[in-house]
Amino acid sequence: MPEPICLAFTGASGMPYGVRLLECLLAAGCRVQLLYSQVAQIVARQEMGLDLPARASDARRCIEERFPALPGRLEVYGREEWFAPLASGSNPPGAMVICPCSMGTLAAIAQGLASKLIERAADVVLKEGRKLILVPRETPLSAIHLENMLRLSRAGAVILPPSPGFYHHPQRVEDLVDFVVARILDQLQVPHTLMQRWGDNEASP
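Keep in mind it's a predicted model, so treat the numbers as computed, not measured.

About the thresholds
Residues numbered from 1 in each chain as written. Predicted model: local features only at pLDDT ≥ 70, side-chain atom pairs only at ≥ 80, totals over all residues. Heavy atoms only, no water. Helix = DSSP H or I, 4+ residues; strand = E, 2+ residues; numbered from the N terminus. Rg over C-alpha atoms; globule rule 2.2 N^0.38 Å. Buried < 20%, exposed > 50% of the residue type's maximum accessible area, 1.4 Å probe, protein only. Contact = heavy atoms within 4.5 Å. Areas by Shrake-Rupley, 256 points an atom, 1.4 Å probe, with all protein chains shown as cover. Lys, Arg positive; Asp, Glu negative; His and termini not counted. Charge placed at Lys NZ, Arg CZ, Asp CG, Glu CD.

A. Representation of the overall build of the chain within the structure. The secondary structure content of the chain amounts to seven helices and six strands. Moving toward the C terminus, one meets the helices and strands of the chain in the order β-α-β-α-α-β-β-α-α-β-α-β-α. Expected size for 205 residues packed as a compact globule is a radius of gyration near 17 Å; at 16 Å, the chain falls within 12% of this value. On the principal axes, the C-alpha backbone points of the chain span a range of 50 × 45 × 35 Å. Each of the 205 residues in the chain was classed as buried or not, and the buried ones make up 46%. Of the contacts formed within the chain by residues at least 6 apart in sequence, a portion of 71% connects residues at least 24 apart. When the accessible area of the chain is evaluated, it comes to approximately 10,400 Å², of which 51% is carbon and sulfur surface. Distance from the positive charge centre (20 side chains) to the negative charge centre (21 side chains) of the chain: 4 Å.

Given below as structure tokens:
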């Protein structure tokens with residue numbers, strides 16, 4: 001079995017990026033460990049009309065109904081489920097993506113704070129030398145935000161703002177979302193055909 005990818009939703013705007021990423025990871029046959037904050041539940045409802053149940057078991061059933069996955073490919077953990085495998089360096093995920101990533105979550109990780117499972121999992125991924133990808137959706141950025149990002153970049157994290165390009169001539173909002181999700185999948189080395197790549201002569205199917 002391949003190592004799982006941990007995906008976390010936090011309380012920043014940009015939930016369509018995270019949900020589309022989840023869909024693509026499951027469609028690619030990846031094992032996904034999903035975490036989400038309480039504020040992420042509010043954002044998901046506001047931006048997508050998506051209800052993420054508070055109980056992890058209910059959330060897994062809800063997501064599997066929306067995005068069918070192979071048995072055992074999706075695990076959902078509660079915010080303080082400290083016996084989850086990704087809470088320990090003895091059983092870290094292969095990589096972790098926080099998408100969208102709030103400035104509060106980013107700041108906590110940058111300072112080594114881990115009061116919730118999301119921050120603890122990110123701390124584990126960094127200390128074990130695995131890839132941590134943060135997708136911060138905030139503008140404008142203050143000096144505090146930038147300093148926290150620089151600190152995390154120096155620690156080995158990938159800072160991937162959801163800034164879509166336009167050279168692929170997007171026609172829909174979904175095209176802009178897919179551009180960002182494609183960049184995240186590239187970082188995870190997960191194959192995809194979400195968009196035409198720069199220099200390709202033929203459009204992706």
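B. Quick look at the environment of Leu-141. One can find Leu-141 in the loop between β5 (131–136) and α6 (143–154). Between the C-alpha atom of Leu-141 and that of Met-103, which follows or precedes it by 38 residues, the distance is 9.6 Å. In this view, Leu-141 contacts Leu-146 and Met-149; residues no more than four positions away in its chain are not counted.

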